[in-house]
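# Tertiary structure, described
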Amino acid sequence: LVKALVEYKMDWGTPGIFGWYASGDDGSVKNGSERLPSIAGAGNFTSFIGDGNLAWGTLSTGGYDMNLTYAGTWGVGLQLADMSFVEDLKHTFRIAYWGGTNSPSMVKYMNNAASWNTGAYNQDGPYLTTNDGLLEFNLVNSYQIYENLEANLELGYIVNMIDRDTWRHSTYNTGYYSKQDAWKAQLILAYTF
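### Considering the sheet that holds strand 2 (residues 14–21)
One open sheet accounts for seven strands, arranged 1-2-3-4-5-6-7; its pairing is antiparallel. Each having just a single partner strand, strand 1 (2–7) and strand 7 (182–191) make up the two edges of the open sheet. Between one strand axis and the next, the sheet turns through 15° on average, direction left out of account.

### Considerations on the pairing of strand 2
With six bridges connecting them, strand 1 and strand 2 associate as antiparallel partners. Looking at the pairing, Ala4 lines up with Gly19 of strand 2. A loop of six residues connects strand 1 with strand 2, the two strands running antiparallel in sequence. Here eight bridges tie strand 2 to strand 3 (residues 73–86), and the two strands are oriented antiparallel to one another. Bridging across to strand 3, Gly16 finds its partner in Gln79.

### Remarks on the pattern of salt bridges
Evaluated as defined, the whole model comprises two salt bridges. Residue Asp25 pairs with Arg35 through a salt bridge whose shortest N-O separation is 3.4 Å. One end of the pair, Asp25, is in the loop between strand 2 and strand 3; the other, Arg35, is in the loop between strand 2 and strand 3, and 10 residues separate them in sequence. Neither residue differs from the other here; Asp25 and Arg35 are each classed as buried. Residues Glu154 and Lys184 are paired through a salt bridge, measuring 3.1 Å at the closest nitrogen-oxygen approach. Of this pair, Glu154 sits in strand 6 (residues 149–160) while Lys184 sits in strand 7, and the two are 30 residues apart along the sequence. Each member of the pair Glu154 and Lys184 is classed as buried.

### So, the pairing of strand 6
With 11 bridges joining them, strand 5 (residues 133–144) and strand 6 adopt antiparallel strand pairing. Directly across from Leu139, in strand 6, lies its bridge partner Leu155. A loop of four residues connects strand 5 with strand 6, the two strands running antiparallel in sequence. Sheet topology places strand 6 next to strand 7; 10 bridges connect them, and they run antiparallel. In the strand pairing of strand 7, Leu155 is matched with Ala185.

### A closer look at the packing of aromatic side chains
A complete count under the given rule lists nine aromatic pairs for this structure. With 5.9 Å between their ring centres and 25° between their planes, Trp20 and Phe45 make a pair best called stacked. Note that Trp20 is positioned in strand 2 and Phe45 in the loop between strand 2 and strand 3, a separation of 25 residues in sequence. One exposure class covers both Trp20 and Phe45, and it is buried. Members of the aromatic cluster, each reached through a chain of ring pairs, are Phe18, Trp20, Phe45, Tyr70 and Trp98. Between the NZ or CZ atom of Lys3 and the centre of the ring of Phe45, over which it lies, the distance is 5.6 Å.

Rules and cut-offs
Residues numbered from 1 in each chain as written. Predicted model: local features only at pLDDT ≥ 70, side-chain atom pairs only at ≥ 80, totals over all residues. Heavy atoms only, no water. Pairing = 2+ DSSP bridges. Helix = DSSP H or I, 4+ residues; strand = E, 2+ residues; numbered from the N terminus. Axes fitted to C-alpha atoms, helices over the stretch in contact; angles between N-to-C directions. Salt bridge = Lys/Arg side-chain N within 4 Å of Asp/Glu carboxyl O. Buried < 20%, exposed > 50% of the residue type's maximum accessible area, 1.4 Å probe, protein only. Phe/Tyr/Trp six-rings, centres within 6.5 Å; stacked < 30°, edge-to-face > 60°. Lys NZ or Arg CZ within 6 Å of the ring centre and 35° of its normal.

Purely spatial values, then, with no claim about function.
Pasting the structure below:
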């Protein structure tokens, strides 16, 4: 896994560019997995697929992003972080493209896209093949109400560009394949002491 973030702090915010590359499965099930193993992975570049917002949720609470790793993916993104035009109110906007490094021929050995995850709370993130892609948009708004109280509003949208022909070969798929975009809106009030 290789990942990098380059930022430049300015008066109004911090623009940045980020990217990553992680190895993926080749076309053979006989030689084991080539995906990066991890004990407690946490992806933090984005706040919908990743956990780059406030990283809410732990294993004990059911796992918000299920300990997402970057295994079998690559990506590149832009962000405008900590933009502030009003006192105590900050905004971070991100756009990121997620691609896969796994061979499309591996799909025929899978029951579904989560077949090779190691357990209920140990997820490798989306299993993306070299034919698949996701385009993620995030807007995170953070308002410091009091010294110890913060309101955090997050909006996210993912454009689903998963390849229909690739996933039609999954053993779980019985001829019907459907995909849709994903969205979320989340409001968190955080009190620290």
